Amino acid sequence: MATLSNLPAQAIGLKSPKVFSRVRSTIETAFYRNNVIEITTLAQAYELAKAAKGTIITDQIVANAKELGLPEDARVLLFNDGNITGRQARLRKLVSKENEEKFASLVREVDFLTNKKTMYHAQVIVGLDPEFMVKAHLLVPEGYENTLYNWVNNFQIVNPETLAVYKQSKVLDEADIFIFADPDCYPAEFPEGLALFDEKNNCACLLGMRYFGEFKKGTLTLAWSIAARNGYTACHGGQKRFNLEGGKERVIGVFGLSGSGKSTITLSNHNGKFDTTVLHDDAFIISNTDASSISLEPAYFDKTQDYLLDNPQRKYFVSIQNCAATRDEDGKLVAVTEDIRNGNGRTVKSRFATPKREYRFAKNCDAIFWIMKDSSLPPVVKVNSPALASAMGATLATKRTTAEYVKGEDTNKLVIVPYANPFRLYPLEQDYLKFKDLFTNMGVDCYIINTGFFLEKKVTPKVTLGLIEDIVTDKAKFVKFGPFTELEFLNIEGFEPDFKDSEYVKMVAERMQDRLNYVQELDTFNRLPEEALAAIRKVTEEAK
């Protein structure tokens, strides 16, 4: 099997430190109590979620229900979480040698307090190819059946079919993922909640967290860490393959926060002009051995505001979170998918939402696009230095959306989120070196695409998709980007940068300086190598 579990007697104990540690053993033990009910099928999870108090059973039938493992008459279920409807990265804490005993004590107490609750345990497989498959376990209390239902739909539930493939998958020297959760528990020291991760031991404890995105990304966070330790680059982004004439193929990866346009780019069929195959729009890994890629999950977790009542993609909704509901002209109960009730309404869509889907691309990745909403940048810039390419990913500048809840923060503020991945549990330098290796040794090209505004002019999806089409078909002709020796841009009508304009030059210089300031102020955990600082410093000096 891919990850370690069910060890022989001689391997149980401290001789297997990846499986047995203070926090991990405390978390795993909670899964075996007599108040825990095993959920082993999607149909079972559906019936529990349907019957849970507070669930809204809409009149929409789940498409392809039988193929998904659900009852043929399964309805799309809607469940709302309360005030917080986005991820809260600020509540994350990491287990270390210094705090291990403190957090183990906290988890033991939380474990005890759930003894009187009915708890549900489900298992899934993260990673959709035998080259990388990891088993994950989730434990939630009664009242959060919809969370469990969303989780087993988002990943691959462990059943005889998936287990047969899993048993043939590549063996990793890693333990199963275990996630203990009690969304009703707010420890005295963490009154707003706690997302506790023990990265090296593949476990987590989520307290006071109701939003499903915390569970999805929490699981992926641990899987990405496993991947990073085993020769892969962790990717919070989308990837697709262009199947061109003459058997030629081009694989591109796009990286950006939720709402940046990565799903739009990944899932677009370019108005039928291209034959494309999707890997995934949110979570995958790239091999640092051959630049092949593997998707980590079959389903899609999308913003509902993109799917109005006449959108055909609504057909593939399996469940909905944080949306209003109403009755239509026929008296049917339907979800109001626009963000009227609150921001960041969400849906888990089934794998059938994309007609052409593969779980592994053997073809190497050809290009990586960093999506930045930076008004100083034209629609696309090519980065020709591997060190600068990776450093620009580490200083990816964008705007937050309602998917990320940051108390009191201005949503229009430009923020830097390295590699568009706020979920990383290991030092930032590791990601920098992984991506740099792809640019240096795997022949991957690097581009920055601006999906926001260039100065005062909006960069439309049509413009973005068009420039990508020109790049993959080798029609794009890049020219020198102002004073920069390692940057080029594609001259697109209406988006021409004017380096004779002193105000524009000043803006570019300020944005580059922002990146340099960010890198220089990083703490030890997030510190980048000196070569990364030198690459950004060179660009900053050139801008001036």
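Calculation notes
- Residues numbered from 1 in each chain as written.
- Predicted model: local features only at pLDDT ≥ 70, side-chain atom pairs only at ≥ 80, totals over all residues.
- Heavy atoms only, no water.
- Helix = DSSP H or I, 4+ residues; strand = E, 2+ residues; numbered from the N terminus.
- Rg over C-alpha atoms; globule rule 2.2 N^0.38 Å.
- Buried < 20%, exposed > 50% of the residue type's maximum accessible area, 1.4 Å probe, protein only.
- Contact = heavy atoms within 4.5 Å.
- Areas by Shrake-Rupley, 256 points an atom, 1.4 Å probe, with all protein chains shown as cover.
- Lys, Arg positive; Asp, Glu negative; His and termini not counted.
- Charge placed at Lys NZ, Arg CZ, Asp CG, Glu CD.
- Phe/Tyr/Trp six-rings, centres within 6.5 Å; stacked < 30°, edge-to-face > 60°.
- Lys NZ or Arg CZ within 6 Å of the ring centre and 35° of its normal.
- Disulfide = S-S within 2.5 Å.
- Salt bridge = Lys/Arg side-chain N within 4 Å of Asp/Glu carboxyl O.
- Axes fitted to C-alpha atoms, helices over the stretch in contact; angles between N-to-C directions.
- Parallel < 35°, antiparallel > 145°, perpendicular 65-115°, else oblique.
- Nonpolar A, V, L, I, M, F, W, Y, C, P; charged D, E, K, R; others polar.
- Polar contact = N/O pair within 3.5 Å; in protein donor to acceptor, adjacent residues only side chain to side chain.
- Pairing = 2+ DSSP bridges.
- Expected span 1.5 Å × (residues − 1).

Student: I'm lost on the overall build of the protein chain in this one. Help?
Tutor: Along the protein chain, the regular secondary structure elements total 13 helices and 30 strands. Radius of gyration (C-alpha) of the protein chain: 23 Å, near the 24 Å computed for a compact globule of 544 residues. With the principal axes as the frame, the protein chain shows a C-alpha extent of 70 × 60 × 50 Å. Relative to its full complement of 544 residues, the protein chain shows a buried share of 59%. Counting contacts in the protein chain only where the partners sit at least 6 residues apart, residues at least 24 apart contribute 75% of the total. Accessible surface, the protein chain: about 21,900 Å² in total, of which carbon and sulfur atoms supply 50%. Between the mean site of the 68 positive side-chain charges and the mean site of the 72 negative ones, the protein chain shows a separation of 1 Å.

Student: Which parts of the structure should I look at to understand the packing of aromatic side chains?
Tutor: The geometry of an aromatic ring pair comes down to the distance between the two centres and the angle between the two planes. Counted by the stated rule, this structure contains 25 aromatic pairs. Plain terms: the ring middles of Trp370 and Phe435 are 5.2 Å apart, the flat faces sit at 70 degrees to each other, and that makes the pair edge-to-face. In this pair, Trp370 is assigned in strand β22 (residues 367–372) and Phe435 in helix α10 (residues 428–441), connecting sequence segments 65 residues apart. You'll find Trp370 and Phe435 in the same group, each marked buried. Members of the aromatic cluster, connected to one another through ring pairs, are Phe255, Phe284, Trp370, Tyr419, Phe435 and Phe439. Across the ring face of Phe301, the terminal group of Arg346 is positioned such that the distance to the ring centre comes to 4.9 Å. Of note, Lys457 hangs over the ring of Phe495, and the distance from its end group to the ring centre comes to 4.8 Å.

Student: Sorry if this is basic, but what is going on with the state of the cysteines here?
Tutor: Put plainly, a disulfide is one covalent bond tying together the sulfur atoms of two cysteines. Scanning the entire structure with this criterion turns up zero disulfides. Take Cys185: it sits in no disulfide, and the sulfur closest to it among the cysteines is that of Cys205, at 7.5 Å. Just so you know, Cys203 is unpaired, no disulfide at all, and the nearest cysteine sulfur is the one on Cys205, 9.0 Å from it. Accessibility expressed as a relative area gives 1% for Cys203, which makes it buried.

Student: Explain the pattern of salt bridges to me, please; I cannot follow it from the model alone.
Tutor: For side chains bearing opposite charge, pairing can occur when the charged atoms are close. Applying the stated criterion across every chain yields a total of 30 salt bridges. Between Lys262 and Asp282 there is a salt bridge whose closest N-O contact spans 3.0 Å. With a gap of 20 residues between them, Lys262 in helix α8 (residues 262–267) and Asp282 in the loop between β13 (276–280) and β14 (283–287) connect regions that are remote in the sequence. The exposure classification of Lys262 matches that of Asp282, with both residues buried.

Student: What is the right way to read unusual backbone geometry from this model?
Tutor: Across residues other than glycine, the phi torsion is negative in most instances, and most of the peptide bonds are trans. Look at Asn202: it is not a glycine, yet its phi comes out positive at around 55 degrees. Checked against the element boundaries, Asn202 lands in the loop between β9 (194–198) and β10 (203–207). Phi at Ala291 is positive, roughly 65 degrees, even though this residue is not glycine. With relative accessibility at 0%, the residue Ala291 sits in the buried group.

Student: Help me understand the packing of helix α1 (residues 22–29) against helix α4 (residues 100–113) in this model?
Tutor: Two quantities define a packed helix pair, namely the angle between the axes and the distance from one axis to the other. Where α1 meets α4, the closest approach of the two axes is 9 Å, and the angle between their N-to-C directions is 10 degrees. In terms of orientation, α1 lies roughly parallel with respect to α4. Residues Arg22, Val23, Thr26 and Ile27 of α1 pack against Glu100, Glu101, Ala104, Val107, Arg108 and Asp111 of α4. Residue composition of the contact of α1 with α4, by class: four nonpolar, one polar and five charged.

Student: I keep staring at the side chain of Thr26 and nothing clicks. Help me out?
Tutor: Note that Thr26 resides in helix α1. A relative accessible area of 11% means that Thr26 is categorised as buried. Polar side-chain contacts of Thr26 include one of 2.6 Å to the backbone oxygen of Arg22. Here Thr26 is in contact with Ser21, Ala104, Val107, Arg108 and Asp111, once residues within four sequence places are set aside.

Student: Looking at this structure, how should I read the sheet that holds strand β3 (residues 75–79)?
Tutor: As a general point, the strands of a sheet are linked pairwise by backbone hydrogen bonds and lie either parallel or antiparallel. Strand order in this open sheet of five strands is β2-β3-β17-β20-β16, and the pairing throughout is mixed. Each edge of the open sheet carries a strand with a single partner, namely β2 (56–61) and β16 (300–303). Each adjacent strand pair in this sheet contributes to an overall mean axis angle of 25 degrees, direction not counted. Where β16 lies against strand β20 (residues 346–349), four bridges are found, and the strand directions are antiparallel. Considered in β20, the bridge of Phe301 is made with Val348.

Student: How should the side chain of Ser375 be read in this particular structure?
Tutor: Inspection of the secondary structure assignment puts Ser375 in the loop between β22 and β23 (380–383). When residues no more than four places from it in sequence are discounted, the contact partners of Ser375 are Asn450, Phe453, Phe454, Leu455, Met507 and Arg511.

Student: Honestly, the pairing of β3 in this entry has me stumped. Any pointers?
Tutor: Moving residue by residue along a regular strand, the side chains alternate between the two faces of the sheet. In terms of burial, β3 is a largely internal element, four of the five residues being buried. Where β3 lies against strand β17 (residues 317–321), three bridges are found, and the strand directions are parallel. Opposite Leu78, over in β17, you have Ile320 as the bridge partner.

Student: Help me understand helix α13 (residues 530–543) in this model?
Tutor: For an α-helix, 3.6 residues make a turn, and residues three or four places apart therefore share a direction. With 14 residues, α13 ought to run about 20 Å at 1.5 Å a step, and its terminal C-alpha atoms sit 20 Å apart, in line with that. Those residues of α13 not exposed but buried are Ala532, Leu533, Ala535, Ile536, Val539, Thr540, Glu542 and Ala543. Lining the buried residues of α13 we find α9 (386–394), α10, β30 (487–490) and α12 (502–520).

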